[in-house]
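Observations on chain architecture
Here is what each chain is made of, one letter per residue.
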Amino acid sequence: MIYKYFINGLYIVLDVNSGAIHKIDELVFEVLDLYKKYEPNEIYARLNDRFSGEEIDEAISEIYQLERQGLLFSNDSHEAITGKLLERGAVVKALCLHIAHDCNLRCEYCFAKDGGYGGSKALMNLETGKAAIDFLISNAGARNNLEIDFFGGEPLINFDVVKEIVEYGNEQAKQNGKAIRFTLTTNGVLLDDEKIQFINDKMSNVVLSIDGRKKIHDKMRKNAGGDGTYNILVPKFKRLAEDRGQNNYYVRGTYTRENLDFSEDIFHLYSLGFEKISLEPVANCDSEQLAIKEEDLERIYAEYERLAVKILEFRKEGKPFEFFHYNIDLSGGPCAIKRVVGCGAGTEYLAVTPTGELYPCHQFVGHEEFLIGNVFDGITHFDIRAKFEASNLYTKEKCKACFAKFYCGGGCAADGFLTSGDINEPGIISCNLERKRVECALMIKVAEHMDNAK
């Protein structure tokens, strides 16, 4: 299976199964459409009005050599591992701790419904936090490197418990020969000197929520009184990122139909000095005014392409710029199992509510039909976990023929459920956006390789 496309003046072909990427010329681009269908003489007949026989011969030979090397039209070796997925055993490597089902902001598009996820507001106590750590370690099997993400709502509302959980987690990890990587996502309103110091000392990564330009951010991310928060956050976030040496963080925003020119928000964040940036499309939003629609896709594609070209320009000028969705590792990348099962929601990755309930991920919280257990008793609804264990690229019909499948691992199960009612039915919009982001990410790699080869 191959996928070829033209972007930013480059003809590119991806061999999907091997992951090999080739920068080709216009002739090879056209011959690839004919190569498996026709004999060489028929290919000559179809193209000799524009290319010489010698050029066509060379193109066919080039494709043939790449095919023999397993770099074009390669076989799929990934499907063979699906039979082994259920044999891995129940191993949990990461927990998303909903340390606070409460929030001090009232974001227009928030799927968590002001931090409460449609239920009562609550804060996680230390007992539940410790039980979550114990559950993670006892269910990690042979895995030594584990992850805890403090999430909400707004985690800093419950900052004292965050500190105590981190201390307990590090103690228990050391005693059990494990290591826990802590992450925290914050809207920044409650940041102060103490919290910045703690985050930079104890958190392996931090996600800072800001939507870009002041007019966009203040329209979407307001406090309980209806006021924008841009001016409060920016100096705090800048200091936190600078104190971390511009490493191991992301400023992370959301774009909606209100700012389909979202590349301007990314450039704005970059102009503030942030070098690690993520901007996500609004997810599962009930607002007709804000939710991305299929009719918006072409405009969004153009924004992603514009962003990719601009990133190349910045890098050529020696200005670092990292956009989360364009981070693709061509030298190693995710393991074969990761390519097939994606994020591991419902199996390796679980979300924990303030009262200790377990859900497949943070976006399933509040959907009682996906309650999978609790940190005190462990997994109790094995049928739910079994559904997620059995879900992979090859159980999703739309994924089988998609060129981007090994980069997204089959997409987001929660997005599938919330848009179609089926975790094995990826959302149309999210899939199309992911494909465009992969196209852009691969183009950046090809362009940079060409520059380095000069």
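Residues numbered from 1 in each chain as written. Predicted model: local features only at pLDDT ≥ 70, side-chain atom pairs only at ≥ 80, totals over all residues. Heavy atoms only, no water.

Counting its regular elements, the protein contains 17 helices and 16 strands. The C-alpha radius of gyration computed for the protein amounts to 24 Å, which stays within 12% of the reference 22 Å derived for 454 residues, consistent with globular compactness. Along the longest, intermediate and shortest principal axes, the C-alpha atoms of the protein span 75 × 50 × 40 Å. Counting all 454 residues of the protein, 52% fall into the buried class. Across the protein, the fraction of contacts at a sequence separation of at least 24, relative to all contacts at a separation of at least 6, is 70%. For the protein, the exposed area adds up to about 20300 Å²; of that, 47% sits on carbon and sulfur atoms. Averaging the positions of the 54 positive and the 71 negative side-chain charges in the protein gives two centres separated by 2 Å. (Helix = DSSP H or I, 4+ residues; strand = E, 2+ residues; numbered from the N terminus. Rg over C-alpha atoms; globule rule 2.2 N^0.38 Å. Buried < 20%, exposed > 50% of the residue type's maximum accessible area, 1.4 Å probe, protein only. Contact = heavy atoms within 4.5 Å. Areas by Shrake-Rupley, 256 points an atom, 1.4 Å probe, with all protein chains shown as cover. Lys, Arg positive; Asp, Glu negative; His and termini not counted. Charge placed at Lys NZ, Arg CZ, Asp CG, Glu CD.)

Among the secondary structure elements, Arg213 is positioned in the loop between strand 9 (205–209) and helix 8 (214–220). A polar side-chain atom of Arg213 sits 2.8 Å from a polar atom in the side chain of Asp265. In this structure, Arg213 is in contact with Tyr230, Asn259, Asp261, Glu264, Asp265 and His268, ignoring residues within four places of it in sequence. (Polar contact = N/O pair within 3.5 Å; in protein donor to acceptor, adjacent residues only side chain to side chain.)

Our next topic: the packing of helix 6 (residues 159–175) against helix 7 (residues 193–202). Between helix 6 and helix 7, the least distance of the axes is 12 Å, while the angle of their chain directions is 25°. If you check the angle between helix 6 and helix 7, you find them roughly parallel. In this structure, helix 6 crosses over helix 7, and the sense of that crossing is left-handed. Each of Phe159, Val162, Lys163 and Val166 in helix 6 lies in contact with helix 7, whose residues at this interface are Glu194, Lys195, Phe198 and Lys202. Taken together, the residues that form the contact of helix 6 with helix 7 break down as 4 nonpolar, no polar and 4 charged. (Axes fitted to C-alpha atoms, helices over the stretch in contact; angles between N-to-C directions. Parallel < 35°, antiparallel > 145°, perpendicular 65-115°, else oblique. Left-handed = near helix turned anticlockwise from the far one by under 90°. Nonpolar A, V, L, I, M, F, W, Y, C, P; charged D, E, K, R; others polar.)

Our focus in this paragraph is the packing of aromatic side chains. What the rule picks out here adds up to 22 aromatic pairs. Aromatic pair Phe364 and Phe417: ring centres 5.9 Å apart, planes at 35°, arrangement tilted. With Phe364 in the loop between strand 14 (357–359) and strand 15 (373–374) and Phe417 in helix 16 (residues 413–420), this residue pair connects regions lying 53 residues apart in the sequence. One aromatic cluster is present, built from ring pairs that chain together Tyr255, Phe262, Tyr304, Phe323 and Tyr326. Note that Lys4 overlies the ring of Phe29, its terminal NZ or CZ placed 3.6 Å from the centroid. Directly above the ring of Tyr38 sits Arg46, whose terminal nitrogen or CZ lies 4.2 Å from the centroid. (Phe/Tyr/Trp six-rings, centres within 6.5 Å; stacked < 30°, edge-to-face > 60°. Lys NZ or Arg CZ within 6 Å of the ring centre and 35° of its normal.)

Our focus in this paragraph is a negative patch on the surface. Residues Asp25, Glu26, Glu54, Glu55, Asp57, Glu58 and Glu62 make up a contiguous surface patch of negative charge. Per element, the largest residue contribution to the negative patch is 5 residues, and it comes from helix 3 (residues 53–68). For Glu54, the position within the fold is in helix 3. We classify Glu54 as exposed; its relative accessible area is 67%. (Patch = residues over 30% accessible without salt bridge, like charges linked within 9 Å, V, L, I, M, F, W, Y side chains within 5 Å. Salt bridge = Lys/Arg side-chain N within 4 Å of Asp/Glu carboxyl O.)

Looking now at unusual backbone geometry. One can expect most non-glycine residues to show negative phi and most peptide bonds to be in trans. In this structure, Gly153 follows Gly152 across a cis peptide bond, with omega equal to 15°. Topologically, Gly153 is positioned in the loop between strand 7 (145–151) and helix 6. Positive phi outside glycine occurs at Gln246, with the angle close to 60°. Position of Gln246 among the secondary structure elements: in the loop between helix 9 (230–243) and strand 10 (249–255). Positive phi outside glycine occurs at Asn248, with the angle close to 55°.

Evaluated as defined, the whole model comprises 2 cavities of 30 Å³ or more. Its boundaries defined by the atoms lining it, the largest cavity holds a volume of some 170 Å³. In this structure, the largest cavity is lined by 17 residues; those nearest its centre are Val341, Gly344, Ala345, Phe388 and Ser391. Counting only elements with at least two residues in the lining of the largest cavity, the list comes to helix 12 (336–341) and helix 13 (382–389). Grouping the constituent residues of the lining of the largest cavity by class yields 8 nonpolar, 6 polar and 3 charged. Within this model, the second largest cavity holds a volume of roughly 30 Å³. As for the second largest cavity, its lining consists of Ala90, Val91, Val92, Phe135, Asn139, Ile379 and Arg385. Partitioning the lining of the second largest cavity into residue classes produces 5 nonpolar, 1 polar and 1 charged. (1 Å grid on protein atoms, 1.4 Å probe; cavity = no way out; pocket = protein on both sides within 12 Å on 5 of 7 lines; lining within 4 Å. Points joined across faces, edges and corners; volume = space filled by probe spheres on them.)

Attention shifts here to the sheet that holds strand 1 (residues 2–7). Strands sit in the order 1-2-3 across an open sheet of 3 strands; the sheet is antiparallel. Looking at which strands have only one partner, the edges of the open sheet turn out to be strand 1 and strand 3 (21–24). With direction set aside, neighbouring strand axes in the sheet form an average angle of 25°. In terms of strand pairing, strand 2 (residues 10–15) meets strand 3 through 4 bridges, oriented antiparallel. Opposite Val13, over in strand 3, you have His22 as the bridge partner. (Pairing = 2+ DSSP bridges.)

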